[in-house]
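What the coordinates show
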Amino acid sequence: SGYFRYGNALIELGRYKEAETLFLTAQKRWKKAIQPLAGLARVASRTNQWAIAAERWHQVIEKAPNQLNGYVGYGQVLVELEQYEGAGAVFQEAANRWPDNEQVLLKLVNANYQSLHWPEALASLVNALDRFPDSKNIWLKYGDLLLDVYAFEKAEQVFLTAMEKWPDSSVPHEKYA
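Within each chain, residue numbers correspond to sequence positions counted from 1 in written order. Two thresholds apply to this predicted model, a pLDDT of at least 70 for residue-level local features and 80 or more for giving and counting side-chain atom pairs, whereas whole-chain, interface and lining totals are computed over all residues. Note that the side-chain values use all heavy atoms of the structure and ignore hydrogens as well as water.

Glancing now at the packing of helix 2 (residues 16-29) against helix 3 (residues 35-46). One way to put it is that helix 2 packs onto helix 3 with a least axis distance of 8 Å and a crossing angle of 155 degrees. With respect to helix 3, the element helix 2 is oriented roughly antiparallel. Helix-helix and strand crossings are classified by hand; for helix 2 and helix 3 the assignment is left-handed. Two secondary-structure elements touch here, helix 2 through Tyr16, Ala19, Glu20, Phe23, Leu24, Ala26 and Gln27 and helix 3 through Gln35, Pro36, Leu37, Gly39, Leu40, Arg42, Val43 and Arg46. Partitioned by chemical class, the residues of the contact of helix 2 with helix 3 number nine nonpolar, three polar and three charged. In this analysis, axes come from line fits to C-alpha atoms, helices being fitted only over the stretch in contact, and the angle between any two N-to-C directions falls in the range 0 to 180 degrees. For the purposes of this entry, the term helix denotes a DSSP run of H or I that reaches at least four residues, the term strand denotes a run of E that reaches at least two, and both are numbered from the N terminus. For classification, angles of less than 35 degrees are called roughly parallel, those exceeding 145 degrees roughly antiparallel, those between 65 and 115 degrees roughly perpendicular, and all remaining angles oblique. Should the near helix be turned anticlockwise from the far one by less than a right angle, the crossing is termed left-handed; should it be turned clockwise, right-handed. Whether two residues are in contact is decided by their heavy atoms: any pair within 4.5 Å suffices. Residues were grouped as follows: Ala, Val, Leu, Ile, Met, Phe, Trp, Tyr, Cys and Pro as nonpolar; Asp, Glu, Lys and Arg as charged; and all remaining residues, including Gly, as polar.

The next thing to look at is the packing of aromatic side chains. For this analysis, a ring pair means two rings from Phe, Tyr or Trp (six-membered ring only for Trp) whose centres lie within 6.5 Å, classed as stacked if their planes differ by under 30 degrees, edge-to-face if by over 60, and tilted for the remaining angles. Taken as a whole, this structure holds four aromatic pairs when the rule is applied. Relative to Trp98, the ring of Tyr71 has its centre 5.4 Å away and its plane inclined at 65 degrees; by these criteria the two rings are edge-to-face. In this pair, Tyr71 sits in helix 5 (residues 68-80) while Trp98 sits in the loop between helix 6 (84-97) and helix 7 (102-114), placing the two residues 27 residues apart along the sequence. We call a charge positioned above a ring when the Lys NZ or Arg CZ atom is no farther than 6 Å from the ring centre and deviates by at most 35 degrees from the ring normal. The ring of Tyr113 carries the charged tip of Lys141 above its face, separated from the ring centre by 4.3 Å.

What follows concerns helix 2. By this rule, a helix spans an expected 1.5 Å times one less than how many residues it contains. Relative to the 20 Å expected for 14 residues at 1.5 Å per residue, helix 2 spans 20 Å between its end C-alpha atoms, a close match to the ideal helical length. Three or more residues of helix 2 are buried, namely Ala19, Glu20, Leu22, Phe23 and Ala26. All buried residues of helix 2 lie within an arc of 165 degrees about the axis, which places them on one face of the element. Summarising the geometry of helix 2, the exposed residues directed more than 90 degrees from the buried face are Lys17, Thr21 and Lys28. If you follow the buried residues of helix 2, they end up packed against helix 1 (2-12), helix 3 and helix 4 (50-63). Burial classification: accessible surface area is computed with a 1.4 Å probe over protein chains only, and a residue below 20% of its type maximum counts as buried, one above 50% as exposed, and the rest as partly exposed. Working note: the arc is built from the helix axis to C-beta atom directions.

What follows covers the nonpolar core. Working definition of a nonpolar core: buried Ala, Val, Leu, Ile, Met, Phe, Trp, Tyr and Cys residues. They are joined through side-chain atoms within 4.5 Å. Core analysis: the biggest nonpolar cluster contains 44 residues, and Trp57, Tyr74 and Ile138 have the highest contact counts within it. Those elements giving two or more residues to this core turn out to be helix 3, helix 4, helix 5, helix 6, helix 7, helix 8 (118-131), helix 9 (136-148) and helix 10 (152-165). Not counting chain neighbours up to four residues away, the residues in contact with Tyr74 comprise Ala54, Trp57, His58, Ile61 and Val90. In terms of nonpolar packing, the next biggest core, distinct from the first, is built from nine residues, Phe4, Leu10, Ala19 and Phe23 among them.

The next thing to look at is the packing of helix 8 against helix 9. How two helices sit against one another is set out by the angle between their axes and by the gap between those axes. The contact between helix 8 and helix 9 brings their axes to 10 Å, and the two run at 155 degrees. Between helix 8 and helix 9, the angle is such that the two are roughly antiparallel. In the crossing of helix 8 with helix 9, the sense of the turn from one axis to the other is left-handed. Contacts between helix 8 and helix 9 involve Trp118, Ala121, Leu122, Leu125, Val126, Ala128 and Leu129 from the first element and Ile138, Trp139, Lys141, Tyr142, Leu145, Leu146 and Asp148 from the second. Looking at the contact of helix 8 with helix 9 residue by residue, the classes come out as 12 nonpolar, no polar and two charged.

The following block contains the structure:
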């Protein structure tokens, strides 16, 4: 609806109070719609109101468990709150529900990575590479993580493979150097 597009445009313009007012009005008007609640969650996220954002994104998931954006929003807020294990659980649930979504797998990897759970991060990266063997982002993240766990020779091989797969990209070359 135009109402929700306008609210999202207000968020993009940084007019958060107006967006919040619009979404609160929409929430009263369309009680069963998920868009006003998701809009309110985005406003809280953009204004760094992490506790409010976490509550709202959690409500989005409860109200619409088949909407990916609720899981991504909630997981990202948990990362901001440095609740990496909780974020990992949320992203794992999303990865189970949407196994073909590369971004969800990368968010799972990042949550495990930030929690310093290296074995889980490596396992999720290997799984992601199996699912998305042509993802430059996943290959580069894999090489970075291998460097972090001091697996230098394996990281070198990963970056060499990435340079072969994407010869026109400077990023694998920079990481290899």
